[in-house]
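# Topology and contacts: notes
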Amino acid sequence: MGELEDAVMTRVWKWNRPVTVREVLEDLQKERSIAYTTVMTVLDNLHQKGWVRREAEGRAYRYEAVSTRAAYAAALMNEAWSRSDNAAAALVAFFGMMSEEQRRSLTDAVRIVQLPETPDENPGSAEDRSGR
């Protein structure tokens, strides 16, 4: 996603509701000079890429995010990681770049996705299973 696409998506994600080109334009114009047609083209490109869905409202469209910013970030990380020829080394380097707060978030995330072991997943010996 390019810089302008990211600026537009940031608003769509932040507002978390269907938005018009005009709404995005007016918010972007607080930071930069930008034309209505530019914002319209960016939203159309994001629609073509599958990042937003749109619904006609009169002669205009309302655009809504298809997924969350977190899902987008996860897809970027997965794409970068999959390009590595040494996944373990890439992870070690990535973890080394993380702040202490990010490492705590990672620890929390791993804890959330880990499932508790069930007896079928960690079978003991045949004697243990038979109760003898």
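Before reading further, recall that the structure is shown in the block above.
How each quantity is defined
Residues numbered from 1 in each chain as written. Predicted model: local features only at pLDDT ≥ 70, side-chain atom pairs only at ≥ 80, totals over all residues. Heavy atoms only, no water. Patch = residues over 30% accessible without salt bridge, like charges linked within 9 Å, V, L, I, M, F, W, Y side chains within 5 Å. Areas by Shrake-Rupley, 256 points an atom, 1.4 Å probe, with all protein chains shown as cover. Salt bridge = Lys/Arg side-chain N within 4 Å of Asp/Glu carboxyl O. Helix = DSSP H or I, 4+ residues; strand = E, 2+ residues; numbered from the N terminus. Buried < 20%, exposed > 50% of the residue type's maximum accessible area, 1.4 Å probe, protein only. Core = buried A, V, L, I, M, F, W, Y, C linked by side-chain atoms within 4.5 Å. Contact = heavy atoms within 4.5 Å. Phe/Tyr/Trp six-rings, centres within 6.5 Å; stacked < 30°, edge-to-face > 60°. Lys NZ or Arg CZ within 6 Å of the ring centre and 35° of its normal.

## Considerations on a nonpolar patch on the surface
- Taken together, the side chains of Met-77, Phe-94 and Phe-95 make up a nonpolar region of the molecular surface, amounting to roughly 280 Å² of accessible area.
- Along the polypeptide, Phe-95 turns up in helix 5 (residues 87-97).
- With relative accessibility at 33%, the residue Phe-95 sits in the partly exposed group.

## Considering the nonpolar core
- Counting 19 residues, the largest nonpolar core has Val-8, Val-12, Val-24, Leu-28, Val-39, Leu-43 and Leu-46 as the members making the most contacts within it.
- Listed by contribution, the elements that provide at least two residues to this core are helix 1 (3-15), helix 2 (21-28), helix 3 (36-48) and strand 2 (60-65).
- Take this core: its biggest share by element is five residues, from helix 1.
- Not counting the four nearest positions on each side in its chain, Leu-43 is found in contact with Val-8, Val-12, Val-21, Val-24, Val-52 and Tyr-63.

## A few points about the packing of aromatic side chains
- Per the stated rule, a full pass over the model turns up four aromatic pairs.
- An angle of 35° between the planes, with centres 5.7 Å apart, marks the rings of Trp-13 and Tyr-72 as tilted. Highlighted residues: Trp-13 in helix 1 and Tyr-72 in helix 4 (residues 69-82), separated in sequence by 59 residues. With respect to class, Trp-13 is no different from Tyr-72; both count as buried.
- Between Trp-51 and Tyr-72 the ring centres are 4.8 Å apart and the planes differ by 85°, which places this aromatic pair in the edge-to-face class. One end of the pair, Trp-51, is in the loop between helix 3 and strand 1 (52-57); the other, Tyr-72, is in helix 4, with 21 residues separating them in the sequence.
- Tyr-72 gets classed as buried once you look at its relative accessible area, which sits at 10%.
- Each member of the aromatic cluster is reached from another via a ring pair, and the members are Trp-13, Trp-51 and Tyr-72.
- Arg-54 extends its terminal NZ or CZ atom over the ring of Tyr-61, reaching a point 4.2 Å from the ring centre.

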